[in-house]
Amino acid sequence: MPLTTQPFAHAPELARPLDRVRSSLEQNLELPERIGSIAAGSALALYGLSRRSLGGALLALLGGSLIYRGSTGYCSLYRRLGINSRQMNDEVGVPGDKGIKVERSVQIARSPQEIYRFWRSLDNLPRFFEHVESVTPIDDLRSHWVVKGPAGTRLAWTAQILTDREGELISWESLPGVEVQNAGSVRFEPAGDERTNVTVKLQYYPPAGVIGAAVAKLFGESPDQQLDEDLSRLKQLLETNATVPSVV
């Protein structure tokens, strides 16, 4: 005789654990990205509501969607793109062409060797990278980074140097298990008359993912703008000192 009923089908106390398992399996955002989404969404919603206009209402709705994204740990866009930041956190650097890419250059009236030595002393980096609080060398290749995150938070990771050619190139990538996956390089190219073209390339997952980077642009916090300003500070710092700081 076929079974026509489903025992325990109406037992809510048995259904709840299954719901929790299903919800966990559907999550595709790691914790720092969820926190960043909620922080960015809250700021955007408050800003939109303060405008008291149709445009403000749309911004508030976008903020609400970011809050929902962070609270549930699920992003439908990521699912369509096949991205799961919970899994990617176990990898080094940023795999493939994923994440945010930024490239900026500046010409500095210093020799490639001088600028290289200044940059290679990693504790100099917070002097011109505005959002970097500290870079602490662990050994010849690894270093611990602490940066300012969204809504007053702090993010940290460990990075390792991949390529180190004096006066020419430094490249690096984050190690597995970090809060912000990232990779980058800085190239020092002679430009004549003791001048150097410094080119920085960065690739990373922002704390609130691709959507968070788009929201940041609404508040003038776009990654390319930040890097332009950071390199301008580096140029001013090196060109206005008779001797390059922390090198001689």
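Residue Arg52 is not a glycine yet carries a positive backbone phi of 50°. Note on placement: Arg52 falls in the loop between α2 (31-51) and α3 (54-72). Relative accessible area serves as the criterion here: at 79%, Arg52 is assigned to the exposed category.

Here we come to the sheet that holds strand β5 (residues 169-174). The seven strands lie next to each other as β1-β7-β6-β5-β4-β3-β2, forming an open sheet whose pairing is antiparallel. The sheet terminates laterally at β1 (100-108) and β2 (132-137), the two strands that pair on one side only. Put simply, the sheet's adjacent strands are angled 20° from each other on average, direction ignored. Relative to strand β3 (residues 142-148), β2 runs antiparallel, the two sharing five bridges. Within β3, the residue paired with Thr136 across the bridge is His144. Across the sheet, helix α6 (residues 112-120) lies against β1, β4 (154-165), β5, β6 (182-192) and β7 (195-204), angled at about 155° from β6, the strand it touches most. With respect to the sheet, helix α8 (residues 223-239) is in contact with β1 and β7, its orientation differing from that of β1 by roughly 25°.

Before going further, it helps to examine the pattern of salt bridges. Two side chains that carry opposite charge are able to pair once their charged atoms sit near each other. The full count for this structure, using the stated rule, is nine salt bridges. For the salt bridge of Arg233 with Asp230, the shortest nitrogen-to-oxygen distance reads 2.3 Å. Linking Arg233 with Asp230, this pair stays in helix α8, spanning three residues, or about one helical turn.

Structurally, Ile67 is set in helix α3. Through-space distance from the C-alpha of Ile67 to that of Arg34 is 8.5 Å; in sequence the pair is 33 residues apart. Apart from residues no more than four positions distant in its own chain, Ile67 is found in contact with Ser37, Ile38, Gly41 and Ser42.

By size, the foremost hydrophobic cluster in this structure holds 33 residues, and its most contacted members are Trp119, Leu125, Ile170, Val186, Phe188, Val198 and Leu234. Here this core gets five residues from one element, more than from any other, and that element is α8. Leaving out residues up to four positions away in the same chain, Phe188 has contacts with Pro112, Ile115, Tyr116, Trp119, Gly167, Glu168, Leu169, Ile170, Thr196, Asn197 and Val198.

What follows concerns α6. Every buried residue of α6 is accounted for by Pro112, Ile115, Tyr116, Phe118 and Trp119. For α6, the angular spread of the buried residues around the axis is 165°, confining them to a single face. Residues of α6 that are buried make contact with β1, β4, β5, β6, β7 and α8.

Quick look at the packing of aromatic side chains now. By the definition in use, this model includes seven aromatic pairs. Summarising the aromatic geometry, the rings of Phe128 and Phe129 are spaced 4.7 Å apart at their centres and angled 35° between planes, so their arrangement reads as tilted. Residues Phe128 and Phe129 agree in their burial class; the two are buried.

Moving on, we get to the confidence of the model for the chain. Atomic detail in the predicted coordinates should be set aside for any region of low pLDDT. Per-residue confidence for the chain gives a mean pLDDT of 77; residues scoring 70 or more make up 67%. Between the elements of the chain, mean pLDDT differs from a low of 47, seen in helix α1 (residues 12-26), to a high of 96, seen in α6. In this model, residues 13-25 is a region of pLDDT below 50 whose contacts with residues beyond four sequence positions or in other chains number two contacts. Every residue in residues 91-95 is under pLDDT 50, and counting partners more than four places away or in other chains gives 21 contacts.

Moving on: α3. For α3, with 19 residues, the first-to-last C-alpha span of 27 Å sits near the 27 Å given by 1.5 Å per residue. Restricting attention to buried positions, one finds in α3 the residues Gly56, Leu59, Ala60, Gly63, Leu66, Arg69 and Gly70. Just past α3, the residue Gly73 takes up positive phi, approximately 75°.

Our next topic: the packing of α6 against α8. It is at 12 Å that the axes of α6 and α8 come closest, and there the two elements cross at 115°. For the element pair α6 / α8, the angle class is roughly perpendicular. In this structure, α6 meets α8 at a crossing whose hand is right-handed. Along its contact with α6, which presents Ile115, Phe118 and Trp119, the element α8 presents Leu234, Leu237 and Leu238. Its residues assigned to classes, the contact of α6 with α8 comprises six nonpolar, no polar and no charged.

About the cut-offs
Residues numbered from 1 in each chain as written. Predicted model: local features only at pLDDT ≥ 70, side-chain atom pairs only at ≥ 80, totals over all residues. Heavy atoms only, no water. Helix = DSSP H or I, 4+ residues; strand = E, 2+ residues; numbered from the N terminus. Buried < 20%, exposed > 50% of the residue type's maximum accessible area, 1.4 Å probe, protein only. Pairing = 2+ DSSP bridges. Axes fitted to C-alpha atoms, helices over the stretch in contact; angles between N-to-C directions. Contact = heavy atoms within 4.5 Å. Salt bridge = Lys/Arg side-chain N within 4 Å of Asp/Glu carboxyl O. Core = buried A, V, L, I, M, F, W, Y, C linked by side-chain atoms within 4.5 Å. Arc of directions from axis to C-beta. Phe/Tyr/Trp six-rings, centres within 6.5 Å; stacked < 30°, edge-to-face > 60°. pLDDT = per-residue confidence, 0-100. Expected span 1.5 Å × (residues − 1). Parallel < 35°, antiparallel > 145°, perpendicular 65-115°, else oblique. Left-handed = near helix turned anticlockwise from the far one by under 90°. Nonpolar A, V, L, I, M, F, W, Y, C, P; charged D, E, K, R; others polar.

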